[in-house]
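Chains, contacts and geometry: an overview
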Amino acid sequence: MSSGADPRPGVAYRRPDGDPDRLEIESAGDPAVPVDDLPNDAWLEAVHPEDRDRLREELAAGEVDVAYRVDHDGDDDPTWIHEHGRRVEAGDVIGYLLPAYERIERQRRLEQQRERLEEFASVVSHDLRNPLSVAVGNLELARGFDGEEAVDRIDRAHDALDRMDVLISDLLSLAREGRSVEATAETDLRAVVDRAWATVGRPANAELVVEEPLPRIECDHSRLRQALENLFRNAIEHGSAEGLAADAASVDGDAVAARRVDADGVRVFVGRTDGGFYVADDGSGIPEDDREAVFEPGHTTAEEGTGFGLAIVERIAEAHGWSVSVTESRAGGARFEFAGVESHENPGGAAGDDAASGTAGCDAGPRSVE
């Protein structure tokens, strides 16, 4: 190899007689593989105890393709190594030690896909089977009836099929939103919020209150819009039946405008935080013991809910590299906080002085969308 050539990645090695304890370095130089501080005559001592048998089995087979952990220089965080080699006629094993990051990442993605397939299998075998049984049963009964009784049974079957259609749509969304975000752009969060609110239909008993100014954020516009739609629907479906909604709150805890809503109404609040933004409501809230479970696929307390809406929200957040958590809002309802969001100031979107001081001016402070 000429002196100007780029070095090959990894570390070339030889194991005399395939001995898992002995490792002779033939060419080094890859800083991602920490061989200099490892005991080459007692290699297994550096290998994580849970991975030693796997390494032995690979070396005994002669064709080596295995990832394992090594403890490097007393570090509590072991280094993953990918060993790839083969046995030669002399009985030695020769090959390369490579960084295992790509292999581990690939295994992680495969594990996520496996878990997702298990989720889908669970839904197909249970959630879809129930409405299908209802539809089939009512259609069979309809054959024995005439007039309104037959129509009633057919309507019940139709409702069950509609339920299946919703479940299938949400299931497909859950699968698609699990993919990584392919393209993001700096987007006005307020514009996405308004479009999402318009999509959910803006029911007469619901009110959107936006704490200005919302930032511009780096995101996939369409996926964020779907996440917001799901949160808005969740708030409306679990809306408060109380006559007076409590105060909404800004990030620093200052109270902002409080408005009276109809007895069966609900208010949804959107505002910014230091590391992202939040969506809150003045509904009945989520008990503390249930807050982690709400993101699990299929978890729902609503009679007509599918249990996929919040799972999709979490998948969309993770695809952006964000995190989402749920806590209690100032009004006693649910508050979903998105963290790790890259944001920028929104030119021309500053709120008035009344908003900063917490007064309830109509034009300054939170803007309400009926």
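Before reading on, note that the structure itself is shown above.
This section reports on the structure supplied with the text. Just so we're clear, the structure is a prediction, and the values are computed from it rather than from any experiment. Starting afresh in each chain, residues are numbered from 1 along the sequence in its written order. Confidence filtering applies because this is a predicted model: local features only for residues at pLDDT of at least 70, side-chain atom pairs given and counted only at 80 or more, and all residues used for totals across whole chains, interfaces and linings. Just so you know, side-chain values use all the structure's heavy atoms and leave hydrogens and water out.

Right, let's talk about the overall build of the chain for a bit. The number of helices and strands found in the chain is 9 helices and 14 strands. Whether two residues are in contact is decided by their heavy atoms: any pair within 4.5 Å suffices. Considering only intrachain contacts with a sequence separation of at least 6, the fraction spanning at least 24 residues in the chain is 62%. We get accessible surface area from the Shrake-Rupley algorithm with a probe of 1.4 Å; when it comes to residues, only the shown protein chains can shield them. In the form shown here, the chain has an accessible surface area of approximately 20100 Å², with 45% of it arising from carbon and sulfur atoms. Secondary structure follows DSSP: runs of H or I at least 4 residues long count as helices, runs of E at least 2 residues long count as strands, and numbering of each begins at the N terminus.

A grouping of D155, D159, D162 and D165 is seen on the molecular surface, where their side chains present a negatively charged patch. Examined against the element boundaries, D155 turns out to sit in helix α5 (residues 147-177). When its relative accessible area of 41% is taken as the criterion, D155 is described as partly exposed. Surface patches are defined over residues having more than 30% relative accessible area and no salt bridge, joining like charges when they lie within 9 Å and nonpolar side chains (Val, Leu, Ile, Met, Phe, Trp, Tyr) when within 5 Å. Salt bridge, as applied in this entry: a Lys or Arg side-chain nitrogen positioned within 4 Å of an Asp or Glu carboxyl oxygen. Counted as positive: Lys and Arg. Counted as negative: Asp and Glu. His and the chain ends are not counted at all. Charged groups are reduced to one reference atom each: NZ for lysine, CZ for arginine, CG for aspartic acid, CD for glutamic acid. Partly exposed residues are those whose accessible area sits between 20% and 50% of the maximum for their type, while under 20% is buried and over 50% is exposed, using a 1.4 Å probe and protein chains only.

Once that is clear, we can look at the sheet that holds strand β8 (residues 216-219). Taken together, the 3 strands give an open sheet; going across it, the order is β6-β8-β13, and neighbouring strands pair in antiparallel fashion. Across the chains shown, the open sheet's two edge strands, defined by having one partner strand only, are β6 (185-188) and β13 (343-344). Following DSSP output, two strands are said to pair if at least two bridges run between them. The sheet contact formed by β8 and β13 spans 2 bridges and is antiparallel. Bridging across to β13, I217 finds its partner in S343.

Right, let's get into the side chain of T273. When you line up the elements, T273 lands in strand β9 (residues 266-273). Only 3.4 Å separates the side chain of T273 from the backbone nitrogen of F277, close enough to count as a polar contact. Pairs of N or O atoms are called polar contacts if they sit within 3.5 Å, as long as, within protein, a hydrogen donor faces a hydrogen acceptor (for residues adjacent in sequence, only side-chain-to-side-chain pairs).

Let us look at the pairing of strand β5 (residues 93-99). Of the pairings in the sheet, the one linking strand β1 (residues 11-15) to β5 comprises 5 bridges and is antiparallel in character. Note on β5: the bridge partner recorded for V11 is L97. In this structure, strand β4 (residues 79-87) lies alongside β5, joined through 7 bridges in antiparallel fashion. Bridging from a neighbouring strand, R87 pairs with V93 of β5. Two successive antiparallel strands, β4 and β5, enclose a turn made up of 5 residues, where G91 displays a positive phi of approximately 95 degrees.

Turning our attention to the packing of helix α6 (residues 189-199) against helix α7 (residues 221-237). It is the contact of α6 with α7, at a shortest axis distance of 8 Å, that shows an interaxial angle of 50 degrees. Considering their axes alone, α6 and α7 lie oblique with respect to each other. With respect to the hand of their crossing, α6 and α7 are arranged in right-handed fashion. Seen from α6, the contacting residues are L189, V192, V193, R195, A196, W197 and T199; seen from α7, they are H221, L224, R225, L228, E229, F232, R233 and I236. Residue classes follow a fixed rule: Ala, Val, Leu, Ile, Met, Phe, Trp, Tyr, Cys and Pro count as nonpolar, while Asp, Glu, Lys and Arg count as charged, and any other residue, Gly among them, counts as polar. For the contact of α6 with α7, the class distribution of residues is 9 nonpolar, 2 polar and 4 charged. Between the N-to-C directions of two axes lies an angle of 0 to 180 degrees, each axis being a line fitted to C-alpha atoms and, for a helix, fitted only over the stretch in contact. Roughly parallel means an angle under 35 degrees; roughly antiparallel means over 145; roughly perpendicular covers 65 to 115; every other angle is labelled oblique. Crossings are classed by handedness, with left-handed meaning an anticlockwise turn of the near helix from the far one by less than a right angle and right-handed meaning a clockwise turn.

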